[in-house]
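# Tertiary structure, described
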Amino acid sequence: MDLYLPIAEVSVNAPLLVALGALVGFISGMFGIGGGFLMTPVLVFLGIPPAVAVASMSNHVAASSMSSVISYSRKRSVDFRMGGVLASGGVVGAVVGVELFRWLRLLGQADLVVALSYLIFLGIIGGLMFWESVGAILRRRRNAPPPPRRDRRPPWLYGLPLKLRFPRSRLYISVIPPIALGAFVGVLSAIMGVGGGFILVPAMVYILRMPASVVVGTSLFQIIITTALTGVLQAGRNQTVDILLATLLLVGGVIGAQLGARASSRFRAEELRALLALIVLCVGLRMGLGLFFTPHEAFVLMSGSGG
Amino acid sequence: MIAAPPPVPPSPADSAVVSAALTETNVRVNSDFRGDRIVLYGAVFDPQARPSDVVVIVRGPEQPVRIARKSRVAGLWVNSRPVVFQGAPGFYIAASTRPLDDIARFGVLRRLEAGVDHLAINAPAEQRTESRYGVQDVVVSRLGADYLDWRNAVVRLKTAQHLYDVNEHGVRFVDKGLFRAEIPLPAEAPIGRYDVRILLFQDGQPVAEKTRTLTVEKVGVERGLYLWAHRRPWSYGLAAMAFALAAGWAASSAFRRD
């Protein structure tokens, strides 16, 4: 069943988009990521203008994150205070990122920056996460003891001023690292058209040293705030949010996210991380390696008239 | 030696006339729009029954084209600075009874902008005038000798999107003096007013012309959403986001009861 999208101005297969939304929602609920890094490339591949895909996707990400965050908060695994601090940085980052992206589009270099960001960030994070989680799985198989954790928390995290207590995360740290992290993720999310969970989750585990049980829920909570803002900004400034496209995606997305949040409890954390790492690596390579191959067509039409 | 008599301009009484009508003048784009086929019927009235060719040109609303070229920089394929081409229609199709080059000469086709090769597309921002070989105000393009490559790329990419087309046998005489043309309109066709020009050629010259208009417009829910998104973008964005968050909350509640 085909449906004509009023803003994207293309005709799409509706059941396919619902299924796609469900699949990405499932992954999102399972890993605590927005899933935008998967959805944006697929939508563009299906022929939806990139600007519309990026903008409409933020509505879908907000919806599926909302759906799973409620489940996580019932299990008391959302640190709302940490999420709020992260989001305050994220809001600033998103506004800066949207402007940066407009400027890059004007220069015609948006494609390059997007592809390079995917390659670099997804490549590094996927690679590190995969290495770490495979190591953990192998150690468990051999019944080896976990490696001694030297200096559980980096000292610089304690040297900074403006300390705040985060009871749910059992942390007493400065708010500067979370705000900086949130801002960095906000910029990236606007440029790459993603929620940024794939960066937040490992950063919360390895840099902020938050307990694994609250990481996913907290990441989703911050994603809701950032993507809700991005979605409204995109609609208000660029008129690129297609409500019909977003609806198709989120119908599948909210259900998929519920199933994903349930399924996540059946897997071990390190296996889950290894799987996520593989997905992240594949998408990063797929997006980035295109830069190295000789293109079939030397010319590209740019969307929009540059205004 | 006797000079050939100058050609006699055809008197209005026996000149050929072309007439045409679209079977559909209003294309309504609603949620199940998947493109359309516009059928055009027309007739040639020529008392002398001279051999005639018909060219039908459909031109959509003008849309500037931004195009960039990829080139290799340090092992990476990188976009050049984008070049803006003005005067490019958002949709263009030229259908004819024979290949255009057989119907009329280059100059005639160029003047009528008949055929994608003859569209008046240019990149004014890349042009400047200078004096060359003592001649003042020579228009040169910063794209230099590659200019044609760029222009061809615009046409090629638009053709790949089914937005530009040349159909050398798209107009067919179905009976004496009666012709029919079919214009495929893809779902990606831009919204707006289309000009349909029906040109009658005899002896390589255009002798008669008719113009018809075709409107492609959004109707119903599509139109309402489009207007809302463009006229009140902030309320649209807030409503869309509120709906998304409510849907997420609803799904979560629904699954809780299970």
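As a convention, each chain's residues are numbered from 1 in the sequence order in which they are written. By the order in which they are written, chains take letters starting at A while ligands take numbers starting at 1. At least 70 in pLDDT is required for a residue's local features to be given in this predicted model, at least 80 for side-chain atom pairs to be given and counted, and no such filter applies to totals for whole chains, interfaces and linings, which use all residues.

### Let's talk about the overall build of chain B
How we decide: Runs of E in the DSSP output that reach at least two residues are strands. Runs of H or I that reach at least four are helices, and both are numbered from the N terminus. Our exposure labels follow a C-beta count within 10 Å of each residue's own C-beta, placed from the backbone: buried means 20 or more other C-beta atoms, exposed means 12 or fewer, and partly exposed covers the counts in between. Whether two residues are in contact is decided by their C-beta atoms, placed from the backbone, lying within 7 Å.
Along chain B, the regular secondary structure elements total five helices and 15 strands. Looking at chain B as a whole, 31% of its 258 residues are labelled buried. Long-range contacts, defined as pairs at least 24 residues apart, comprise 67% of the intrachain contacts of chain B with a sequence gap of at least 6.

### Regarding the overall build of chain A
Stated formally: Here the globule rule is a power law, 2.2 Å times the number of residues to the power 0.38, and the radius of gyration is based on C-alpha atoms.
Of regular secondary structure, chain A possesses 11 helices and five strands. For 307 residues, the compact-globule estimate of 2.2 N^0.38 gives 19 Å, and chain A sits close to it at 19 Å. In terms of its C-alpha atoms, chain A occupies a principal-axis envelope of roughly 55 × 40 × 40 Å. Taken across its 307 residues, chain A has 54% of its residues classed as buried. Counted over contacts in chain A with a minimum sequence separation of 6, partners at least 24 positions apart contribute 82%.

### A word on the pairing of strand E8 (residues 92-96) of chain B
All names here are of chain B. As a reminder of what qualifies: A pair of strands is labelled paired if DSSP reports no fewer than 2 bridges between them.
Taking burial as the measure, the five residues of E8 include five buried ones, the bulk of the element. Burial along E8 is two-sided: Tyr92, Ala94 and Ser96 facing one way and Ile93 and Ala95 facing the other are all buried. Across five bridges, the pairing between strand E4 (residues 53-59) and E8 is antiparallel. In the sheet register, Val56 faces E8, and the bridge partner there is Ala95. By the bridge criterion, four bridges tie E8 to strand E11 (residues 164-167) in an arrangement that is parallel. By the bridge assignment for E11, Tyr92 is matched with Tyr164.

### Examining the domain arrangement of chain B
All names here are of chain B. For the record, the criterion: An automatic or database domain assignment provides the domain bounds reported here. In the scheme used here, Gly and all other residues not listed as nonpolar or charged are polar, with Ala, Val, Leu, Ile, Met, Phe, Trp, Tyr, Cys and Pro taken as nonpolar and Asp, Glu, Lys and Arg as charged.
Per the domain assignment, the segments making up chain B are domain 1 (13-218) and domain 2 (219-258). Taking only C-alpha atoms into account, the centre of domain 1 sits 40 Å from that of domain 2. Taken together, the six residues of domain 1 in the interface contact six residues of domain 2. If you list the elements that add at least two residues to the side of domain 1 that touches domain 2, you get strand E2 (26-29) and strand E15 (205-218). For the side of domain 1 that touches domain 2, the residue count by class is one nonpolar, two polar and three charged.

### With respect to the packing of helix H4 (residues 80-107) of chain A against helix H9 (residues 212-238) of chain A
Residue and element names in this part refer to chain A. To be explicit about the condition: For helices, the fitted axis covers only the stretch in contact; all axes are lines through C-alpha atoms, and the angles between them, taken along N-to-C directions, range from 0 to 180 degrees. Should an angle fall under 35 degrees it is called roughly parallel, over 145 degrees roughly antiparallel, and 65 to 115 degrees roughly perpendicular, with every other angle called oblique. We call a crossing left-handed when the near helix sits turned anticlockwise from the far one by less than a right angle, and right-handed when that turn is clockwise.
Interaxial distance between H4 and H9 falls to 8 Å at its minimum, and their mutual angle equals 30°. As summarised for this structure, H4 and H9 are arranged roughly parallel, according to the angle between their axes. Like other packed secondary-structure pairs, H4 and H9 cross with a definite hand, here right-handed. Side by side, H4 and H9 meet where Phe80, Met82, Gly83, Leu86, Ala87, Gly90, Val91, Ala94 and Val98 of the first sit next to Thr218, Phe221, Gln222, Ile225, Thr226, Leu229, Thr230 and Leu233 of the second. Looking at side-chain class alone, the contact of H4 with H9 contains 11 nonpolar, six polar and no charged residues.

### Some thoughts on the interface of chain A and chain B
Chain A puts 45 residues into the contact, and the matching count from chain B is 46 residues. Only strand E1 (2-4), helix H3 (50-74), helix H5 (110-141), H9, helix H10 (243-264) and strand E5 (299-302) of chain A provide two or more residues apiece to the side of chain A that touches chain B. The leading source of residues in the side of chain A that touches chain B is H3 of chain A, at nine residues. When grouped by side-chain class, the residues that make up the side of chain A that touches chain B number 28 nonpolar, 14 polar and three charged. As paired elements, E5 of chain A and strand E5 (residues 65-73) of chain B share four bridges and run antiparallel to each other. For Val300 of chain A, the partnering residue across the bridge sits in E5 of chain B and is Ala68 of chain B.

### Digging into the sheet that holds E15 of chain B
Residue and element names in this part refer to chain B. Read across the open sheet, the six strands follow the order E2-E15-E14-E4-E8-E11; overall the sheet is mixed. Both outer strands of the open sheet, E2 and E11, are each paired with one neighbouring strand and no more. For this sheet the average axis-to-axis angle between neighbouring strands, irrespective of direction, equals 15°.

### Let's talk about the sheet that holds strand E13 (residues 178-185) of chain B
Residue and element names in this part refer to chain B. Spatial ordering of the open sheet is given by E1-E3-E13-E12, a layout of four strands whose pairing is antiparallel. Every other strand in the sheet has two partners, leaving strand E1 (17-22) and strand E12 (171-175) as the edge strands with one partner each. Across the sheet, the mean angle from the axis of one strand to that of its neighbour is 30°, orientation sign disregarded. Pairing of E1 with strand E3 (residues 36-45) involves six bridges; the strand directions are antiparallel. Across the sheet, Ala20 pairs through a bridge with Gly42, a residue of E3.

### Digging into the nonpolar core
What counts here: Working definition: the nonpolar core is a set of buried Ala, Val, Leu, Ile, Met, Phe, Trp, Tyr and Cys residues, joined through C-beta atoms within 7 Å.
The biggest cluster of nonpolar side chains holds 163 residues, and the ones touching the most others in it are Val55 and Val56 of chain B. Counting residues per element, this core draws most heavily on H3 of chain A, which supplies 13 residues. Taken together, domain 1 (13-218) and domain 2 (219-258) of chain B each give at least three residues to this core, which thus spans both. If we ignore the near neighbours within four places in the chain, the residues touching Val55 of chain B are Ala94, Ser96, Leu100, Ile103, Ala114, Leu199 and Phe201 of chain B.

### Brief notes about H3 of chain A
Worth spelling out the cut-off: The span expected for a helix works out to 1.5 Å for each residue beyond the first.
Its 25 residues give H3 of chain A an end-to-end C-alpha distance of 36 Å, which sits within 8% of 36 Å, the value for a rise of 1.5 Å per residue. Looking one or two residues beyond H3 of chain A, the residue adopting positive phi is Arg76 of chain A, at roughly 55°.

### Some thoughts on the environment of Met66 of chain A
Residues and elements named next belong to chain A. Structurally, Met66 can be placed in helix H3. On the basis of neighbour count, Met66 is assigned to the buried category, with 28 C-beta atoms found within 10 Å. Here the alpha-carbon distance between Met66 and Leu220, two residues 154 residues apart in the chain, equals 7.6 Å.

### Thoughts on the pairing of E15 of chain B
Across a regular strand the side chains alternate sides, sitting on one face of the sheet and then on the other. Residue and element names in this part refer to chain B. Relative to E15, E2 runs parallel, the two being bridged by four bridges. Across the sheet, residue Asn26 finds its bridge partner in E15, namely Thr215. Pairing geometry for strand E14 (residues 192-202) and E15, over 11 bridges, is antiparallel. Looking at the pairing, Gln202 lines up with Gln205 of E15. Hairpin remark: E14 followed by E15, antiparallel, with two residues in the connecting loop; positive phi at Asp203, about 60°.

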